[in-house]
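# Examining the three-dimensional arrangement
Each chain, letter by letter, is given below.
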Amino acid sequence: MIPAAFDYQRADSAEEAIALLTEHGDEAKLLAGGHSLLPMMKLRLAVPSVLVDVGRLDDLRYVRDAGDHIAIGALTRHRDLETDPLLAEAVPLLSHAAGEVGDPQVRHRGTLGGSLAHADPASDLPAVLLALGGSLVAKGPNGEREIAATDFFTGFLESALEPDELLTEVRVPKLDTLGWSFQKFNRRAQDWAIVGVAAVRAEGHTGVALVNMGSTPLVASGVVDAVNGGSNASEAAERATEGTEPQGDINASPEYREHLARVLVRRALEESGLS
Amino acid sequence: MQITLTVNGVERTAEAEPRTLLVYFLREQLGLTGTNIGCDTSSCGACTVHVDGESVKSCTMLAAQADGLSVTTIEGLADGDELHPMQKSFQENHGLQCGYCTPGMVMAAVSLLDENPSPTEQEVRLGLEGNLCRCTGYHNIVKAVLAAAEAGS
């Protein structure tokens, strides 16, 4: 399978990438690792006429301690996240979940920013960022803005990014973590989650988010309310499907997804240390 | 566009459309047909090569993305007539049946041991999760990788 023809431009800086996006508007797509975009282009589900390759912007590939949060460059690859000692210590949920994405070959190329910007509800890391209460930094011709993860995922494969904006950084608050869990249910090792759950319990923060339970990654707000109200894991898990709209597909009916969500939320809460 | 790669230690330049996937560039422009195309959807791993020393699925990377980088294919592993230890281990442990997944499996296995020279059996199985063997010859493939790790330590 071969993608439709396009013009290829490699950006040597964030500014150059933004200038190319400004020049080409809706016709252009950013290419990072390519592991979400290229498969869609091969199926001709995406037909951009210009690809702006930002994959060599190594100055956007980092994990840094930024005081009250960990700052991660958008071009940081899953393999970097999986093996970074600072991240493993400060945000073990993200470090672990990055190691569950796809397979080693995918993790060598795929990037955190690319996965988030693609905004696929079946992807692992968007839900992880929601559970952690993180935010994203977008850079455009008029400067930078910070977007809360809860405002970022606006629809199926749609995000709050403007066509001329580049995602540059992801920020994850440093939490005083009591426990965390990432549950991914799939048929083959490398598959997308049929349903997934990211959970973190910390001092002053409870985060639970769902993979593949609607057209966007979702915060399980009913579960969070229940946990904050003193419910145990089983009681809280009963509220896992509140606000969800799971789709049916070859892997699962909506009802089966709802069942999985309840089971996986319970397991995630238990693994996070909630009785 | 003109694309230059260092393939198996030799600089190679060829013309290709920007949409050319790395696997097609290797096979059709450079004539290196050891890398197989299997599923063409980044699932099966038959097309695994190394880019700058790390395993990637060459059906899910543009040749343009690899421009200026170093690529190793299955043809680049052996030293003349002397097989790479991983190839030898696949041979000795009967780590292949039909052989279609083998080039990708070997490349993934070499990358795995580069990152984790002494893996457990479970780590080998997880490390090869991106490679499918339709003969289901996994047991001997895992044996081959463990034996290569043992021999290398």
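Residues numbered from 1 in each chain as written. Chains lettered and ligands numbered in written order. Predicted model: local features only at pLDDT ≥ 70, side-chain atom pairs only at ≥ 80, totals over all residues. Heavy atoms only, no water.

It is common to report an interface's size as the accessible area lost on association of the parts. In this complex, chain A contributes 32 residues to the contact, which on the side of chain B involves 33 residues. For the pair chain A and chain B, the two sides together bury roughly 2600 Å², of which 52% comes from carbon and sulfur. Its largest share of buried area at the contact with chain B, chain A owes to Gln105(A), His108(A) and Arg109(A), together 22% of the area lost on that side. Counting every contact that joins chain A to chain B gives five salt bridges. (Contact = heavy atoms within 4.5 Å. Buried area = accessible area lost by both parts, 1.4 Å probe. Salt bridge = Lys/Arg side-chain N within 4 Å of Asp/Glu carboxyl O.)

Residues and elements named next belong to chain A. Once the domains are mapped, chain A shows domain 1 (7-53), domain 2 (61-173) and domain 3 (177-271). Placing the centre of domain 2 and that of domain 3 at their C-alpha centroids yields a distance of 19 Å. Taken together, the contact between domain 2 and domain 3 spans 25 residues of the former and 24 residues of the latter. Both sides together, the interface formed by domain 2 and domain 3 hides about 1900 Å², and carbon and sulfur atoms give 70% of it. Contact with domain 3 buries surface across domain 2, with Leu93, Pro121 and Ala131 losing the most and accounting together for 27% of the total. With its nearest N and O atoms 2.8 Å apart, the salt bridge here joins Asp124 to Lys184. Between the two partners, domain 2 and domain 3, sit five residue pairs in polar contact (both at pLDDT 80 or more). Where the side of domain 2 that touches domain 3 is concerned, the elements lending two or more residues are α5 (92-98), α8 (124-132) and β8 (153-155). The residue makeup of the side of domain 2 that touches domain 3, split by class, is 14 nonpolar, seven polar and four charged. (Domains from an automatic or database assignment. Polar contact = N/O pair within 3.5 Å; in protein donor to acceptor, adjacent residues only side chain to side chain. Helix = DSSP H or I, 4+ residues; strand = E, 2+ residues; numbered from the N terminus. Nonpolar A, V, L, I, M, F, W, Y, C, P; charged D, E, K, R; others polar.)

The next point concerns unusual backbone geometry. Residue and element names in this part refer to chain A. Its identity is not glycine, yet Ala119 carries a phi of approximately 55°, on the positive side. Mapped onto the secondary structure, Ala119 falls in the loop between α7 (112-118) and α8. The class for Ala119 is buried, based on a relative accessible area of 0%. The backbone phi angle of Asn212 is positive, close to 65°, even though this residue is not glycine. Following the sequence through the fold, Asn212 ends up in the loop between β13 (205-211) and β14 (218-219). (Buried < 20%, exposed > 50% of the residue type's maximum accessible area, 1.4 Å probe, protein only.)

Glancing now at the sheet that holds strand β12 (residues 195-202) of chain A. Residues and elements named next belong to chain A. Pairing within the open sheet is antiparallel, and its four strands lie in the order β11-β12-β13-β14. The sheet is open, and its two edges are formed by β11 (177-185) and β14, each paired on a single side. Taken together, the eight bridges between β11 and β12 define a ladder with antiparallel strand orientation. Counterpart to Thr177 in the pairing with β12 is Ala202. (Pairing = 2+ DSSP bridges.)

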